[in-house]
Amino acid sequence: MKIGIIHINHTPPPVSTIEESPKRFIRHITPYMDFDVEWAVIRLLGDTLPAIDNCDGYLITGGSAPLVGDIATLPQPTVALLDFIGNAHVVKKPLVGICWGHQAICKALGGVVTKLNTYGMGIKETQVIKKYHWMGDAPDSVRLYSMHTCQVTTPPPSGEVFLSSDFCPYAGFTVDKHILTMQQHPDYNIAVSEAMIHRRADRLSPEALKIARASLITPHHTELTCKWIGSFFKQATTPC
């Protein structure tokens, strides 16, 4: 299977020792795919989006680029990606969106993304309100790395929400069997999250910053969600 990683490529890693997003996804997810996989990295700011059939599926990573407001006011590369998502949805090409990718898929399919007055940082608990066969024996809640100030506030009409919390009610949704999105980061670890928190320390109150940092030594379900992504791609490309 060939999977294209579409990376917004808007901001560099916070420190040189932190892997960039596509490399993190490849390293974290590949071990949980029980099939041969070839990865192709597409950088939204610099590369041309491929023909949809160039890959068997696509994963859109986190990043930073405007998604709030009318689509006509967004930067051209973002508009091009939203068109790409819409066309991929029509032909039911498997798509996975993480953080910014989750929001981009929502926007492309008619949902709403809103900027909050605060940040979601650190490991946060999220309820699993819908379970699918590709999730295996999923728990009732998962604890996942978070890093966002924008989030989905109205999911797309075709979306079925499966992850939710008080802070982020629409933390993950699916569309049929070909789209999976999550606001949280299966590509993070303690070092990445701590670097991201440090970079944004002035955007949290001292107490909220303390809570975010303390959360990083608590248990999390990163490995489980990486398995979900691998299983999702496999079922999405398996003929009925």
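Structure: see above.
Residues numbered from 1 in each chain as written. Predicted model: local features only at pLDDT ≥ 70, side-chain atom pairs only at ≥ 80, totals over all residues. Heavy atoms only, no water.

Novice: Give me helix H5 (residues 206–215): which residues, what numbers.
Specialist: Of the residues making up H5, those classed as buried are Leu209, Ala212 and Ser215. Projection of H5 onto a plane perpendicular to its axis shows the buried side chains occupying an angular sector of 130°, all on one side. Exposed and oriented more than 90 degrees from the buried face of H5 are Pro206, Lys210 and Ile211. Buried residues along H5 sit in contact with strand S5 (112–128) and helix H4 (190–199). (Buried < 20%, exposed > 50% of the residue type's maximum accessible area, 1.4 Å probe, protein only. Helix = DSSP H or I, 4+ residues; strand = E, 2+ residues; numbered from the N terminus. Arc of directions from axis to C-beta. Contact = heavy atoms within 4.5 Å.)

Novice: Which residues make up the packing of aromatic side chains, and what are the values?
Specialist: This model, assessed by the stated rule, comprises eight aromatic pairs. When the ring of Trp134 is compared with that of Phe232, the centres are 5.3 Å apart and the planes differ by 75°; the resulting orientation is edge-to-face. In this pair, Trp134 is assigned in the loop between S5 and strand S6 (141–154) and Phe232 in helix H6 (residues 222–236), connecting sequence segments 98 residues apart. One exposure class covers both Trp134 and Phe232, and it is buried. Members of the aromatic cluster, joined through ring pairs, are Tyr132, Trp134, Phe162, Trp228, Phe232 and Phe233. Residue placement shows Lys124 over the ring face of Phe167; its charged tip is 5.1 Å from the ring centre. (Phe/Tyr/Trp six-rings, centres within 6.5 Å; stacked < 30°, edge-to-face > 60°. Lys NZ or Arg CZ within 6 Å of the ring centre and 35° of its normal.)

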